[in-house]
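The chain contents come next:
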Amino acid sequence: MSDIDPLIKREMQWMAVSVNDNRDLAPIIIAKVRRQRIRNAIFAVLGVFAISAGSIGIYELLKSDPIQVVGGITGDNTATQPEIIGLTSDYPVEWEQSVGDVAAISSAGGLGDTLGGLTAVGLKISWERCGEQQCPTTWVLSVENNTADLVSTSPSLGIFNNHTPLVSDSRPTTVLPGGKALLVFSFPEFNDGLEVASGVSWQWNWYLAQLR
């Protein structure tokens, strides 16, 4: 009996302790084992199809609408915002080569520069009245990941009032390969009543800071 299929052997042992009249148990056992094998095979095939369908669905979803991570928050921000290419500003600003922040771990960058795998492709500046002058209160930097790797870094943007730096923000950000992100920077100094001299010049740059 040692050469008998284990399932058949198990069924014979179970049925041997029950009442089965005077019938040949072998056909009953073989039929039962066959049904079990068919049922297990069907479940296995259905499981393979379910896993395959789920994998294909996830791949197509990521391929058709890549998830962007903006400011450390997952979402589709760039899908609902107008594309930002180049500099958009109602008042002139210049690029500043000095980083101006001790937390910087990279050189200063401008539009078209790549830092840590992210390339700055656009910058939109919103101005508001501060005293007698207009001040650049909100900065939206558009970056894209042109590499084949997932990029996680912490971009910061510094602004300079007559080459004097203001407090810079940082935005821990993760961008998928080929993806884009819009990074919004604001400066509390303008809400705290910062006095801006007449005829002041404005400069800016972006750089990488330590991940928080």
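Scroll up to find the structure.
Here's a quick rundown of the structure. Note that this is a predicted model, so its numbers are computed, not measured.

With that settled, the discussion passes to the overall build of the protein. Per the secondary structure count, the protein includes three helices and 14 strands. Here the protein, with 212 residues, has 34% of them falling under the buried criterion. For the protein, contacts bridging at least 24 residues in sequence account for 68% of all contacts bridging at least 6. Surface accessibility of the protein: about 12,700 Å² in total, with carbon and sulfur atoms responsible for 57%.

Moving on, we come to the nonpolar core. Counting residues in hydrophobic clusters, the biggest one holds 28 residues, and the most contacted among them are Trp139, Leu141, Leu157, Ile159, Phe187, Trp202 and Trp204. When residues of this core are traced back to their parent elements, those giving at least two are strand 6 (118-130), strand 7 (133-145), strand 9 (155-161), strand 13 (180-186) and strand 14 (202-208). It is strand 6 that contributes the most residues to this core, six residues altogether.

Trans is the prevailing form of peptide bonds, just as negative phi is the prevailing case for residues other than glycine. For Asn162, which is not glycine, the phi dihedral falls at a positive 55°. Residue His163 is not a glycine yet carries a positive backbone phi of 70°. Relative to the helices and strands, His163 resides in the loop between strand 9 and strand 10 (164-165).

Our focus in this paragraph is the packing of aromatic side chains. According to the stated counting rule, one finds three aromatic pairs in the structure shown. Judged by centre distance (6.3 Å) and plane angle (80°), the rings of Trp127 and Trp202 are edge-to-face. Linking Trp127 in strand 6 with Trp202 in strand 14, this pair joins segments that are 75 residues apart in sequence. Following the ring pairs from residue to residue traces out a cluster consisting of Tyr91, Trp127, Phe190 and Trp202.

In this section: the pattern of salt bridges. Inspection of the entire model under this criterion finds three salt bridges. We note a salt bridge from Glu144 to Lys180, for which the minimum N-O separation is 3.9 Å. Of this pair, Glu144 sits in strand 7 while Lys180 sits in strand 13, and the two are 36 residues apart along the sequence. For Glu144, a relative accessible area of 17% translates into the label buried.

Each disulfide consists of a covalent bond between the sulfur atoms of two cysteine residues. For the coordinates displayed, the defined rule picks out one disulfide. In this model, Cys130 is linked to Cys135 through a disulfide, with the two sulfur atoms separated by 1.5 Å. Because the torsion about its S-S bond is 55°, the bridge between Cys130 and Cys135 counts as right-handed. We classify Cys130 as buried; its relative accessible area is 9%. Residue class for Cys135 comes out buried when judged on its relative accessible area of 0%.

As a further point, take the pairing of strand 6. Sheet topology places strand 3 (residues 86-88) next to strand 6; three bridges connect them, and they run parallel. Counted as the bridge partner of Thr88 is Lys124 from strand 6. Of the pairings in the sheet, the one linking strand 5 (residues 114-115) to strand 6 comprises two bridges and is antiparallel in character. Across the sheet, Thr114 pairs through a bridge with Thr119, a residue of strand 6. Between strand 5 and strand 6, which pair antiparallel in sequence order, lie two residues; one of them, Gly116, sits at a positive phi of approximately 60°. As judged from the 12 bridges shared by strand 6 and strand 7, these two strands associate in the antiparallel manner. Residue pairing in the sheet places Trp127 in a bridge with Pro136 of strand 7.

Our focus in this paragraph is the pairing of strand 7. Of all the 13 residues making up strand 7, 11 are buried; the element is thus mostly covered by neighbouring parts of the structure. Taking the residues between adjacent antiparallel strands as the criterion, strand 6 and strand 7 are bridged by two residues, where Gly131 takes a positive phi near 70°. In the sheet, strand 7 pairs with strand 13 via seven bridges, with the strands oriented antiparallel. Within strand 13, the position partnered with Ser142 by the bridge is Leu182.

How each quantity is defined
- Residues numbered from 1 in each chain as written.
- Predicted model: local features only at pLDDT ≥ 70, side-chain atom pairs only at ≥ 80, totals over all residues.
- Heavy atoms only, no water.
- Helix = DSSP H or I, 4+ residues; strand = E, 2+ residues; numbered from the N terminus.
- Buried < 20%, exposed > 50% of the residue type's maximum accessible area, 1.4 Å probe, protein only.
- Contact = heavy atoms within 4.5 Å.
- Areas by Shrake-Rupley, 256 points an atom, 1.4 Å probe, with all protein chains shown as cover.
- Core = buried A, V, L, I, M, F, W, Y, C linked by side-chain atoms within 4.5 Å.
- Phe/Tyr/Trp six-rings, centres within 6.5 Å; stacked < 30°, edge-to-face > 60°.
- Salt bridge = Lys/Arg side-chain N within 4 Å of Asp/Glu carboxyl O.
- Disulfide = S-S within 2.5 Å.
- Pairing = 2+ DSSP bridges.

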